[in-house]
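Spelled out, the chains give:
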Amino acid sequence: MKYIVFVCFLGVVIAQQNSGDLDSVLKEIFGDPANKNQASTIVPPTGTTPADTSCKTENGQIGECVRYYLCNTNNSVITDGVGIIDIRVQDGPCPSYLDVCCLVPDKREPDNPITPSPEVQPTREGCGQWNKDGVGFKTVGDKDGEAKFGEFPWMCAILEPGSIDPRVQQVNDNQPDSQKLNVYVGGGSLIQANAVLTVAHYVANGKKLKVRAGEWDTQTTKEIYPYQDRDVAKVIVHKDFNKGNLFYDIALLILQTPMDLTPNVGVVCLPPPKERVAGGTSCFASGWGKDKFGKEGRYQVILKRVSLPVVERRKCQADLRKTRLGHFFELHTSFMCAGGGNQDTCKGDGGSPLVCPIEGEKDRYMQSGIVAWGIGCGEDGTPGVYVDVSNLRNWIDDKVIGEGLDPRVYTA
C-alpha cells in the first residue's frame, strides 16, 4: 500500500484538457473559489478558558484538568516548564492532550504559568531561526510528520475572516450569534514583522484577508504562547503574474500592524538574488494542506512538515514532460522544483514556504521556494513546482523598500 506523506499547500494538478478556457483550467487546478465546502477552517480566538474538569491522577487521586503549564508537579511537567506532550493521547483523564490532571494544591493561576527557562527559549536575533525541538513543550507521538510547536516560527496561515462571510459555518449551529470560523486560504511566511510572502493566485482576488502567525494546532488555543492575528492592509501582486500559467506567482501582504516577535513567531531569511540552491539539498516544507489530492484528501489539524530534496531544473523539466504537460513543456524561470519520490506538498499548501539550510550556520534556514503547483501529490514521483524566491529576490526587495521597510531584516 502506497504511503504519501502529507503536508503543505499545493496549487495542484495542471489539467490541459481545455487549454482554451483559462478559467476552466484554473477551476480544475484550484477548485471553484466560490465553493467554501472545499476550504479548511480554523478556530477563532475564544478569549476565555473552559471550566476545569474533574479527573483522576494515575494513583487514583481526584484532581482537575488544567493546561499543562498550570500544574506544578504533574509528571508531564519538567522543572524548566517544558512539558512532554503526547499528541496521540485521545483517552487520557482529560479531554485535551494539552491538559493534565493536576491536584488542586499544585494548580497555578492562569496569570502565573510555568514558563520555560531562558536557556530553552529561542533567541530572536536574526532571521531564519529553526526551533528543532519546538518551544514551550515537547511532543511525542508525532509519527505522521507533525511539526513541533514553534518549530517554523515564520509559518503563517492566510485567512478570510469568517465574520464577514455568511457562507462560513458558525462554531455552534445552535447559537446563531456564536463566533464564525475563519476560512483557510493558504500559507505564507513572515519576512518582516508586518510583511508576509505568499503566492499571487490565492490573494489576487481582492478579498479581505488576515494573517495568523504562531498557529500550530488549528483546533485548540491551549498552547502557552498564543497565535497572533493581523489584518492585511495591502496586497502587492507581481505585475507580470499570469493566472493562466502561474508565471510570477508571487505576492506580498502588508499588515496593518506588525507581529510581535515571540518564541513562536519569527522572521525567515531569504536567499541572495539569483543564487539557486543546489540540486539534492534537503529542505523543509510545512503547512496545513491536504494529505492527498482529490475528494479523499483531508486538511491537516496540526501543522505538518516534510523533508524534500531540491530537484535540478533540467531534471525537473524532463520529469514534468513525462506527465500530461507533454514533451514541449518549458519550466519558466520564475519556478524551481523539489520533491519526487513519494513525498510532496499538496492541495491547500499553496503559498507555504520551502526552506533550505544556510550553509555553515547551525539550525538557520532561508526560504528558497513558495509552494505553487504540481501534478498530483507525489503519487508518481513527479517533483512539485515552487516559486523561485532567489530569482525574484530583487522584486521582493523593491516592494519592501517601497513600503519603507528594511531588506536587511531577512538577509542572512
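Sequence order sets the numbering: in each chain, residues are counted from 1 along the sequence as written. Selection of residues for local features in this predicted model requires a pLDDT of at least 70, selection of side-chain atom pairs for listing and counting requires 80 or more, and totals for whole chains, interfaces and linings are taken over all residues. Water and hydrogen atoms were dropped before computing side-chain values, which therefore reflect all heavy atoms in the structure.

1. Examining the confidence of the model for the chain
Basically, it comes down to this: Known as pLDDT, the predictor's confidence for each residue is given on a scale from 0 to 100. In what follows, a contact means two residues having at least one pair of non-hydrogen atoms within 4.5 Å.
Here the chain shows a mean pLDDT of 78. Residues at 70 or above account for 71%. With pLDDT under 50 throughout, residues 1-41 is counted as low confidence; its partners more than four residues away or in other chains account for 145 contacts. This model gives residues 43-50 a pLDDT under 50, and the stretch forms 24 contacts once residues within four places in sequence are excluded.

2. Side note on the pattern of salt bridges
Inclusion rule: Every case where a carboxyl oxygen of Asp or Glu lies within 4 Å of a side-chain nitrogen of Lys or Arg is listed as a salt bridge. The numbering of helices and of strands both runs from the N terminus, where a helix is a DSSP run of H or I of at least 4 residues and a strand a run of E of at least 2. Three labels apply to residues, based on accessible area from a 1.4 Å probe with only protein chains included: buried if under 20% of the type maximum, exposed if over 50%, partly exposed otherwise in between.
For the structure shown, the criterion picks out 20 salt bridges. With a shortest N-O distance of 2.7 Å, Asp229 and Arg212 are connected by a salt bridge. Taken as a pair, Asp229 in strand 12 (residues 228-237) and Arg212 in strand 11 (residues 210-213) lie far apart in primary sequence, 17 residues in all. Taking the relative accessible area as the measure of exposure, Arg212 reaches 0% and is therefore buried. Between Asp398 and Lys399 there is a salt bridge; the shortest N-O distance is 3.7 Å. With relative accessibility at 47%, the residue Asp398 sits in the partly exposed group. Connected through salt bridges with shared partners, the residues Lys210, Arg212, Glu215 and Asp229 form a single ionic network.

3. Things to note about the state of the cysteines
This is how the line gets drawn: In plain terms, two cysteine sulfur atoms within 2.5 Å form what is called a disulfide here.
Per the counting criterion, the structure on display carries six disulfides. With its sulfur 2.2 Å from that of its partner, Cys71 forms a disulfide with Cys102. Taking the torsion about the S-S bond as the criterion, the Cys71 to Cys102 disulfide, at about 90°, is right-handed. A residue pair is termed long-range when its members are at least 10 positions apart, and Cys71 in the loop between strand 4 (62-67) and strand 5 (83-86) and Cys102 in strand 6 (residues 99-102) qualify at 31 residues. The same class applies to Cys71 as to Cys102, namely buried. Disulfide pairing is shown between Cys283 and Cys356; the S-S distance is 2.0 Å. Taking the sign of the S-S torsion, 105° for the link of Cys283 and Cys356, the bridge is right-handed.

4. Some remarks on the packing of aromatic side chains
This is how it is decided: Aromatic pairs are defined between Phe, Tyr and Trp rings, using the six-membered ring for Trp, whenever the two ring centres lie within 6.5 Å; interplanar angles under 30 degrees are classed as stacked, those over 60 as edge-to-face, and all others as tilted.
Scanning all chains against the criterion turns up twelve aromatic pairs. Aromatic pair Tyr97 and Trp216: ring centres 6.3 Å apart, planes at 70°, arrangement edge-to-face. Of this pair, Tyr97 sits in the loop between strand 5 and strand 6 while Trp216 is found in the loop between strand 11 and strand 12, placing the two residues 119 residues apart along the sequence. Each member of the pair, Tyr97 as well as Trp216, carries the same accessibility label: buried.

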